[in-house]
Amino acid sequence: MTLEYSLADAGPNNPDVLCTVWESLFKATPRTLNRNKLGACGGDHAAEVLAVWRGICLADSNCSKAEFAQALAAHLESRDKNGDYLVPTADFVIPGYLQEAFQHVLSAPTQATN
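Since we're looking at a predicted model, the values are computed, not measured.

Novice: In this structure, what is going on with helix α2 (residues 14-24)? I would like to understand it.
Specialist: Because each turn of an α-helix spans 3.6 residues, side chains separated by three or four positions in sequence point in the same direction. If you check which residues of α2 are buried, you get Asn14, Pro15, Val17, Leu18, Cys19, Val21 and Trp22. Taken together, the buried residues of α2 touch α1 (3-9), α3 (35-39), α4 (45-57) and α5 (65-77).

Structure representation (structure tokens):
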């Protein structure tokens, strides 16, 4: 399982958010993953997850997975003029294993380096 698959599968709105970010990386509509391909899944979450995975991970594109990850992070951090997130926290679910990893890192005591 890849990170992209895990992210797409973690929440019902995640495939839509990931598709939005993927499309934003291209001047024209990308052939591998776009609104039409996601819509063709007919709301079937498992099919959408697979479409996202295929569209990003199997793409023969000049866009790297690292660029996609950075664009996703920026998109999730984006706020409107009132300071509200453009993608509400409830609309994008972080997989449990990543939440646990983040909590572990954040709760680990820091060590001074010399």
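Novice: What is the right way to read the nonpolar core from this model?
Specialist: Note that soluble globular proteins tend to have their nonpolar side chains buried in a common cluster. By size, the foremost hydrophobic cluster in this structure holds 19 residues, and its most contacted members are Leu18, Val52, Leu72 and Phe92. Counting only elements with at least two residues in this core, the list comes to α1, α2, α4 and α5. Apart from residues no more than four positions distant in its own chain, Leu72 is found in contact with Leu7, Val17, Leu18, Val21 and Phe92.

Novice: So what exactly am I meant to see when it comes to α5 here?
Specialist: The end-to-end C-alpha distance of α5 is 18 Å, a good match for the 18 Å that 13 residues give at a rise of 1.5 Å each. Among the residues of α5, those classed as buried are Phe68, Ala71 and Leu72. The arc enclosing the buried residues of α5, seen along the axis, measures out at 105°, which places them on a common side. Those residues of α5 that are exposed and aimed more than 90 degrees away from the buried face are Gln70 and Glu77. Contacts made by the buried residues of α5 are with α1, α2 and α4.

So, how was this worked out
- Residues numbered from 1 in each chain as written.
- Predicted model: local features only at pLDDT ≥ 70, side-chain atom pairs only at ≥ 80, totals over all residues.
- Heavy atoms only, no water.
- Buried < 20%, exposed > 50% of the residue type's maximum accessible area, 1.4 Å probe, protein only.
- Helix = DSSP H or I, 4+ residues; strand = E, 2+ residues; numbered from the N terminus.
- Contact = heavy atoms within 4.5 Å.
- Core = buried A, V, L, I, M, F, W, Y, C linked by side-chain atoms within 4.5 Å.
- Expected span 1.5 Å × (residues − 1).
- Arc of directions from axis to C-beta.

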